[in-house]
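Read off the chains here:
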Amino acid sequence: MRNAKVISFPMQKGGVGKTTTSKNVAEILGKDFKVLAIDNDQNADFTDTFTSKRLIENSGALTLYDIYIKKCFNQ
């Protein structure tokens, strides 16, 4: 069993390529490793590159918004 590695792109400034860089790194690493990508941005643009934000919102699944703001941990 290998140890997990954490890679983050924590820039607060907009327009510096966080989403593009994160997506590209996740896709490249995903070819050889299991990757868990967490979209912690309020706009959820990273999530929107893989699926529709609207689809997730309408699915009833818990999101980070539910956990952070509504303090929901169980559905």
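Residues numbered from 1 in each chain as written. Predicted model: local features only at pLDDT ≥ 70, side-chain atom pairs only at ≥ 80, totals over all residues. Heavy atoms only, no water.

Q: When you look at the overall build of the chain in this model, what are you seeing that I'm missing?
A: The secondary structure content of the chain amounts to four helices and zero strands. C-alpha extents for the chain along the principal axes are approximately 35 × 35 × 20 Å. Counting across all 75 residues of the chain, residues that qualify as buried make up 8%. Counting contacts in the chain only where the partners sit at least 6 residues apart, residues at least 24 apart contribute 28% of the total. When the accessible area of the chain is evaluated, it comes to approximately 6,800 Å², of which 54% is carbon and sulfur surface. Both charge centroids of the chain, one from 11 positive and one from 8 negative side chains, sit 5 Å from each other. (Helix = DSSP H or I, 4+ residues; strand = E, 2+ residues; numbered from the N terminus. Buried < 20%, exposed > 50% of the residue type's maximum accessible area, 1.4 Å probe, protein only. Contact = heavy atoms within 4.5 Å. Areas by Shrake-Rupley, 256 points an atom, 1.4 Å probe, with all protein chains shown as cover. Lys, Arg positive; Asp, Glu negative; His and termini not counted. Charge placed at Lys NZ, Arg CZ, Asp CG, Glu CD.)

Q: Sorry if this is basic, but what is going on with the environment of Gln12 here?
A: Its place among the elements puts Gln12 in the segment before helix H1 (18–30). Owing to a relative accessible area of 81%, Gln12 belongs among the exposed residues under this scheme. Between the alpha carbons of Gln12 and Asp41 there is a distance of 9.7 Å; along the sequence they are 29 residues apart.

Q: Just to check I follow, could you spell out the pattern of salt bridges for this structure?
A: Side chains carrying opposite charge are able to pair once their charged atoms draw close together. Inspection of the entire model under this criterion finds two salt bridges. Note that Lys70 is salt-bridged to Asp66, the shortest N-O span being 3.5 Å. A relative accessible area of 12% places Asp66 in the buried class. (Salt bridge = Lys/Arg side-chain N within 4 Å of Asp/Glu carboxyl O.)

Q: Hey, could you run me through the layout of surface pockets in this one?
A: Leftover empty space is mapped by rolling, across the atoms, a probe with the size of a water molecule. Considering only enclosed or pocket space, the largest pocket measures out at about 1,000 Å³ in volume. By residue number, the principal contributor to the lining of the largest pocket is H1, which donates six residues. Class assignment of the residues belonging to the lining of the largest pocket gives a composition of 15 nonpolar, five polar and six charged. For the second largest pocket, the calculated volume is near 500 Å³. As for the second largest pocket, its lining consists of 16 residues, and the residues nearest its centre are Asp41, Ala44, Thr63, Leu64 and Tyr65. Listing elements by their share of the lining of the second largest pocket, those giving two or more residues are helix H3 (53–59) and helix H4 (64–68). (1 Å grid on protein atoms, 1.4 Å probe; cavity = no way out; pocket = protein on both sides within 12 Å on 5 of 7 lines; lining within 4 Å. Points joined across faces, edges and corners; volume = space filled by probe spheres on them. Nonpolar A, V, L, I, M, F, W, Y, C, P; charged D, E, K, R; others polar.)

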